[in-house]
Amino acid sequence: MIFHFGVRFNPTTFLVVQRAWKAWKSEELSSVSIEKPPHTPVMLKEVLHYLDVQVDQVVLDMTFGGGGHTKAILNTVPGVTILALDRDPTAISLAEKLAKEHSGRVIPLLGRFSELESQLSHMNIKPGSIDAVLLDAGCSSMQMDEAERGFCISKDGPLDMRMDRDRYPDMSSAADVVNTLDEQALTSILSAYGEERHARKIASAIVEARRVNPITRTQQLASVVAGAFPAAAIYARKDRLHRSAHVATKTFQALRIFVNDELNELHAGLRAAQDALRLGGRLCMISFHSLEDRLIKRFLRGEDLSKLDHFSPRKQGTRTKKQGEENVHWRPLEKKVITPQKDDVVDNPRGRSAKLRAVLRC
């Protein structure tokens, strides 16, 4: 894997980024009196700068979410076409609404990262024809804010956590996981996906609690986890803003990643983005925890990740190299990982842990 540094700054990019930022902020402020914006785009200025989208190009937004990044691109780049992918039907309904407002410029795609290749093929979009790709691996604010989705510790709701909602009836929810897997399996999930030091203690508490009553609610699970620790330890952990974090935070993260097969999906998404991008195309990847960022770094180095054991309920098959396929090289657009500025963290605390890596396919 070859890395080249020293990519020059495009003198027109700064003006484009400023226009996009002002346009998005203006739209956000105009909607305050009507309703709260469903999603605040993470590191918007940086994403626009490094994607550097040009007139009439084709962009793939692999996690449309609330559409913040897509809207900013539409508002600043004439003639651009955006393929808006998301596995969440709620997000796709927003994309469909945006598509009506920008006729022919937004194409909603409902599906997972692992389904993207077949979707593009069905649309007769050939490999190597996309100009820029944005891959945001995070859970959207819309999902976190809706209690019925079951992602949030602070809001009581059914213990669901399925990003696909009811698209796959046989897909296990978080409640299915905590009520059916044995203690050893739960320990492995919490350790691998939450990097939880007290995984065994928490798993044991879950197994004991479910013997009395099934664990079906978010705050019920949070209470079970908290019960495994002294009262003083429940909010003893600190986040990156040095704010108190609930002791069950890593447990919720681990279950969400496991339920949605997020690491294997991320790997599939990176491969799909690589195949879709043209030579000279740009890829921006936003991660929110170390598991995602490590996977992205290893992918960019060209390591074979097909045999990694992510302790997944749905393992990806080994992806063999296609005949005639060459090794892909990436040129980093920055030597170091890009993190949010202090003002951005104040405006959007949920994006405080975001890491942006931007590369050029060569």
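Not measured: the values here are computed from a predicted model.

Q: What exactly am I supposed to notice about the overall build of the protein here?
A: For the protein, the count of helices and strands is 14 helices and nine strands. Within the protein, the proportion of its 362 residues that are buried is 51%. For the protein, the proportion of contacts with a sequence separation of at least 24, taken over those separated by at least 6, is 71%. A total of about 17,500 Å² of accessible surface is found on the protein, and carbon and sulfur atoms cover 51% of it.

Q: What is the right way to read the pairing of strand β2 (residues 81-86) from this model?
A: A regular strand carries its side chains on alternate faces of the sheet. In terms of burial, β2 is largely enclosed, as five of its six residues are buried. Two elements, strand β1 (residues 58-61) and β2, share four bridges in a ladder whose sense is parallel. What sits directly across from Leu-60, in β2, is Leu-83. Assessed by its sense of winding, the connection that carries the chain from β1 through helix α3 (residues 68-76) to β2 is right-handed. As paired strands, β2 and strand β3 (residues 106-110) are joined by five bridges and run parallel to one another. From the neighbouring strand, Leu-83 faces β3, where its bridge partner is Ile-107. Between β2 and its parallel partner β3, the chain crosses via helix α4 (residues 89-101), and the hand of that crossover is right-handed.

Q: Can you walk me through the packing of helix α8 (residues 183-194) against helix α9 (residues 199-210) in this structure?
A: The axes of two packed helices give the description: the angle between them and the distance between them. Where α8 contacts α9, the two axes come as close as 8 Å, and the packing angle between them is 135°. Taken as axis vectors, α8 and α9 run oblique relative to one another. When you trace α8 past α9, the crossing you get is right-handed. Contact residues: α8 offers Glu-183, Leu-186, Thr-187, Leu-190 and Ser-191, while α9 offers Ala-199, Arg-200, Ile-202, Ala-203, Ser-204, Ile-206, Val-207 and Arg-210. Of the residues assigned to the contact of α8 with α9, the class counts are seven nonpolar, three polar and three charged.

Q: Just checking my understanding: could you explain the environment of Ile-286 for this structure?
A: With respect to the secondary-structure elements, Ile-286 resides in strand β7 (residues 277-287). A residue is classified by how much of its surface remains accessible, and Ile-286, at 0% relative accessible area, is buried.

Q: Any chance you could explain the pattern of salt bridges here in plain terms?
A: Between side chains of opposite charge, a pair can form as their charged atoms come close. Tallied over the entire structure, the rule returns 18 salt bridges. In this structure, Asp-145 engages Lys-155 in a salt bridge whose closest nitrogen and oxygen atoms are separated by 4.0 Å. Highlighted residues: Asp-145 in helix α6 (residues 141-145) and Lys-155 in the loop between α6 and α7 (174-180), separated in sequence by ten residues. With relative accessibility at 28%, the residue Asp-145 sits in the partly exposed group. On the accessibility criterion, Lys-155 (33% relative accessible area) is partly exposed. In this structure, Arg-162 and Asp-160 form a salt bridge, with 2.6 Å as the shortest nitrogen-oxygen distance.

Q: Please clarify how the side chain of Arg-256 should be interpreted in this entry.
A: Tracing the backbone through its elements, the reader meets Arg-256 in helix α11 (residues 249-259). Taking relative accessible area as the criterion, Arg-256 reaches 13% and is therefore assigned buried.

Q: Can you help me understand unusual backbone geometry in this one?
A: Generally, phi is negative for residues other than glycine and the peptide bonds are trans, each holding for most cases. The backbone phi angle of Met-43 is positive, close to 45°, even though this residue is not glycine. Examined against the element boundaries, Met-43 turns out to sit in the loop between α1 (13-30) and α2 (44-51). Even without being glycine, Glu-195 reaches a positive phi, approximately 50°. Positionally, Glu-195 belongs in the loop between α8 and α9. Classification of Glu-195 by relative accessible area gives partly exposed; the value is 34%.

Q: Looking at this model, I keep getting lost on the sheet that holds strand β9 (residues 355-361). Mind explaining?
A: By way of backbone hydrogen bonds, the strands of a sheet pair with one another, either parallel or antiparallel. Here seven strands make up an open sheet; going across it, the order is β3-β2-β1-β4-β7-β9-β8 and the pairing mixed. Looking at the sheet topology across the chains shown, the edges are occupied by β3 and β8 (330-332). Across the sheet, the mean angle separating the axes of adjacent strands is 20° when strand polarity is ignored.

Q: Please clarify how the packing of aromatic side chains should be interpreted in this entry.
A: For any pair of aromatic rings, the description consists of the separation of the ring centres together with the inter-plane angle of the planes. Per the stated rule, a full pass over the model turns up one aromatic pair. When the ring of Tyr-193 is compared with that of Phe-258, the centres are 6.3 Å apart and the planes differ by 40°; the resulting orientation is tilted. In this pair, Tyr-193 sits in helix α8 while Phe-258 sits in helix α11, placing the two residues 65 residues apart along the sequence. According to the relative accessible area criterion, Tyr-193 is buried, its value standing at 4%.

Parameters at a glance
- Residues numbered from 1 in each chain as written.
- Predicted model: local features only at pLDDT ≥ 70, side-chain atom pairs only at ≥ 80, totals over all residues.
- Heavy atoms only, no water.
- Helix = DSSP H or I, 4+ residues; strand = E, 2+ residues; numbered from the N terminus.
- Buried < 20%, exposed > 50% of the residue type's maximum accessible area, 1.4 Å probe, protein only.
- Contact = heavy atoms within 4.5 Å.
- Areas by Shrake-Rupley, 256 points an atom, 1.4 Å probe, with all protein chains shown as cover.
- Pairing = 2+ DSSP bridges.
- Right-handed = clockwise from strand over helix to strand, strands pointing away.
- Axes fitted to C-alpha atoms, helices over the stretch in contact; angles between N-to-C directions.
- Parallel < 35°, antiparallel > 145°, perpendicular 65-115°, else oblique.
- Left-handed = near helix turned anticlockwise from the far one by under 90°.
- Nonpolar A, V, L, I, M, F, W, Y, C, P; charged D, E, K, R; others polar.
- Salt bridge = Lys/Arg side-chain N within 4 Å of Asp/Glu carboxyl O.
- Phe/Tyr/Trp six-rings, centres within 6.5 Å; stacked < 30°, edge-to-face > 60°.

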